Structures are given as structure tokens and as C-alpha cells.
Amino acid sequence: MPKVTYDPIIFCQRESLNMEDFVVATYLTTTRTTDPLLRAGAMAIEQTTGTWARVPDETDEVRRNHVGRIISVYNVPSYELGVPSDERTFIVQVAYPWRNFTPCLPEMLSTVYGNIAEAENLKLLDLEFPKSFTEGFAGPQFGVEGIRKLCGNMDTPPILAMIKPCTGIPIDVIEKQFYKLACAGIEYIKDDELNADAPHAPFYERLEACLRASDRAYRDTGHRAIFVPNITDRQDKIFEKAKRAVEMGAQALMVNAHATGYGVLGALAEDKSINVPLLSHPAYSGTMCNGTESGLSSTLIHGKFTRLDGADICVYYLSYGKLPVLRDRYIRSGQSMLSEFHGLKRTMPSPAAGLHPGLIPQIMSDLGPDIMMGAGAAMHAHPMGIEGGVQALRQAAEAWLSDTPLAKYAETHKELKASLDVWGEYNAEKSIFELTK
């Protein structure tokens, strides 16, 4: 019998498959081709059973059990009667049998975006996971409710402060700054992502100093600020630091998750000897998601990946802040953390990088009250000092919760007014940040 051009094992309909057995990848690609179907099929084969030529042991039985399936190919625009040139843009959906890999992000990524990541103009837009696959992940151990319970704030958005400047300050300055932030009533205080184990502020000395400052502030005010130390390092050292930090009294931990590699958070989340909330920082993530025609979508890496990998808090980039992030991307990332996802606990979004009180009502309108207000300069550079900056953030959240316009609420709240006088309210038409002008 003559060979058919399009193997019916590979080219099929979604309805012909038991989708609990497959992870579905959605790609966007622009290329010069006369046959988008064969190009899509080559992607599915390359990432599963085959290579550029079919080898003898790649039998039909092997393909039936392990090959990727092309379940959708959509032209963009939706051409039906002809195309203007041989350069085509299309969306491809490939269903990968997840029996080929375990519930493990590094191995899964090697399949859905391995060798084909080298192809020209190919971006991974999304991954659709069946419950049978996500059941292999623990996800967040504490989630939104656990994060709120730990800090004792069940009603308003907690504040996440950053030690500033990002790096360069010695231990004694860090300790004094932590004490001031803690006395101002901040719930969580984290290291900056740029300060992990620098010579001028070694990790264990910094940890001891911040825990000491937390204890002192608690004695003086009755409020306990939770320190979130940055344990980013080589993977073996990350676990050494995590375990020792918990033994020393750390109540939460932070990892630059994209820089250290996927799977690290997951292993930390499942380690019973650690058992504290985990914060994922987005440093380095732009290398993977900022390409318009290559890489992965920001919603995928900030939303689904960090949640599967066990992040209880996910710091990610705010579209109204100092970096040029699209509004719909930041919102969809937050929705991926907060919406129902096969029973996994919710990850608390902390949109950051340029957050100030004038932006809070807009952010809460976008995502709701279950956010963490991650701020640095908004407190450190507030005209009335750190305490004024903290009060201004809380007042901005109160304004939204009471359905009061921000400017009106500021009339009777001097800290908020001082902030608005300097940085203003959210304005879609202009930016106060140099990197977004």
C-alpha cells in the first residue's frame, strides 16, 4: 500500500484522544513554508519519537504510544481561499503523551520546547495540563490563606518590603533598616534579588542580623515582621541554606526561581525539613519570555510554572511600574495564580517593580484584594519616611476596599496625600519611570 503523506497517528482530532493522557502545547510560528501541516508534524516528531528520517525501530506501535499529535493548525489570519505569500503565520497545538515524562518541569520542558526552541520564530504560548499530570505536583504548601494566616492579616493586602538599596550596604545598615521597616508594621521583608551572599553582606550574618532586628521590633511593638532571605545559589547550596535558615528561625524563603532552574522550588516545597512559605522572584525571566516570536509566554512561566513548582508568593513585573510589561500579560499571570487549577492552592501575586500607592486601586481592580503589595522606593523614599510610606500603601488599599476615589480618601489621610503629591495616581497616558518613557 502506498505511503500516505500525513500519518493518521500523528494528524488527528482532539476528540479522538483521551486528553488526560496528554499535555497540550500551543505555539505561534511565522515561517516560509508551502506546507504548514508537515512543518507542524516535524515539530511533534522531533520532540517525541523521531528525528529527520524515520528509523526502523520507530514502529507504528511506538508512535501510537509515544508520538506527539497535531490536533490543531490555525492560519493567522484565517485564510481559506488563498494566501498572499509563502510566509505564513499559524498557531499549532501539539498533544504530547505525558507518559514520555514524569510530573517534572525540567523534563516536561525538554519535551515541549526542547530542540525545536532553536527553530526560527517559534514561541510557546501556553501549556494545558490534565489533572492526571498536575496531581504529581504538590503546588504551594501554604497558598494565599496560609500566607495571610502566618502574618495575621486576613483582610487587606499584606505588604512585602525590600531592603534598599539593592546591594552594597553592610550588615549593620541592613539590620537598622529592617528594624525600622518592622516597627512600621510591615508583614514581610525580603532581601533584594541582587543580594544573596555578597562579600559585604554574607548570607548567614545577614540572616542573623535580620532575625535579631525582627525580635527586637517584636519586643518593642508587639508586631512580628517575617524575614524572607534570598537563598539563591548553586542547587546543593540552596538546600543547605534553606535547612539551616529554618533551623535559625527563618519563617519564609526566597529563590530567584527562573535563574536557578525549574524544579528547585518544587523540591524545596516537598522537603518536610523546610516547610516554610516560598517566594519566587522573577529575576532573569525576561530572557525566556520577552521575545515576540521566540521563548515562552510570561503568563506560563509566572503563573502556571511557579504555582506547580510550589511558590506561595510570586513576585512578578507590574505593567504600571518601571518596566514595559503589557497590561494583559501581567493580569493573566495573576489570574493564573489565583484561579482554580486542579485543586492546587492559590499562589499570592505580588506585582512589583515601581509599585507606589497611586497604583494600588488599579491593581486591586485588576486582581482583587488577594495581592501582596511589594514595594521598595514607595516606602524608603516617601516624604514622611518609611512609616509614612507604609501608611500610604495601606490607605490606598483601604480606599479601594471602601469604594472611595483615591484623591478623596487622601483628603483625610496625610500620608496618602503626600505620596500622591510626589508620584500621582495611575495614568494610562503617561509614566513617571524612565525605562517606560
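Now for a description of the structure that goes with this document. (Residues numbered from 1 in each chain as written. Predicted model: local features only at pLDDT ≥ 70, side-chain atom pairs only at ≥ 80, totals over all residues. Heavy atoms only, no water.)

This paragraph deals with the overall build of the protein chain. Looking only at helices and strands, one finds 18 helices and 13 strands in the protein chain. Against the globule reference of 22 Å for 437 residues, the protein chain gives a C-alpha radius of gyration of 24 Å, in line with a compact fold. Expressed as a percentage of the 437 residues in the protein chain, the buried residues total 53%. Sequence separation of 24 or more characterises 75% of the internal contacts of the protein chain that already satisfy a separation of 6 or more. Counting only carbon and sulfur atoms, one obtains 51% of the accessible surface of the protein chain, whose full area is about 19,600 Å². Taken as two groups, the 43 positive and 54 negative side-chain charges of the protein chain have centres that lie 3 Å from each other. (Helix = DSSP H or I, 4+ residues; strand = E, 2+ residues; numbered from the N terminus. Rg over C-alpha atoms; globule rule 2.2 N^0.38 Å. Buried < 20%, exposed > 50% of the residue type's maximum accessible area, 1.4 Å probe, protein only. Contact = heavy atoms within 4.5 Å. Areas by Shrake-Rupley, 256 points an atom, 1.4 Å probe, with all protein chains shown as cover. Lys, Arg positive; Asp, Glu negative; His and termini not counted. Charge placed at Lys NZ, Arg CZ, Asp CG, Glu CD.)

Here we have four strands laid out as an open sheet, ordered β7-β6-β5-β13, and parallel in their pairing. Strands at the two margins of the open sheet, each flanked by one partner only, are β7 (226-228) and β13 (373-375). Each neighbouring strand pair of the sheet contributes to a mean axis angle of 25°, computed without reference to strand direction. With three bridges connecting them, strand β6 (residues 188-190) and β7 associate as parallel partners. Counterpart to K190 in the pairing with β7 is V228. Against the sheet, helix α16 (residues 385-401) contacts β5 (159-162) and β13, and its axis sits at roughly 150° relative to β13. (Pairing = 2+ DSSP bridges. Axes fitted to C-alpha atoms, helices over the stretch in contact; angles between N-to-C directions.)

This next bit is on the environment of F227. Inspection of the secondary structure puts F227 in strand β7. When its relative accessible area of 3% is taken as the criterion, F227 is described as buried. As a C-alpha pair, F227 and Q13 span 214 residues in sequence and 51 Å in three-dimensional space. Among all residues touching F227, those that are not within four sequence positions of it are F178, I189, K190, D191, R206, L207, C210, L211, Q251 and A252.

Here the focus is unusual backbone geometry. The residue after V76, namely P77, is reached through a cis peptide bond having omega -5°. Mapped onto the elements of the fold, P77 is located in the loop between β2 (69-75) and β3 (87-97). For the bond from K164 to P165, the omega torsion is 0°, close enough to zero to count as cis. Summarising the element assignment, P165 is placed in the loop between β5 and α6 (171-183).

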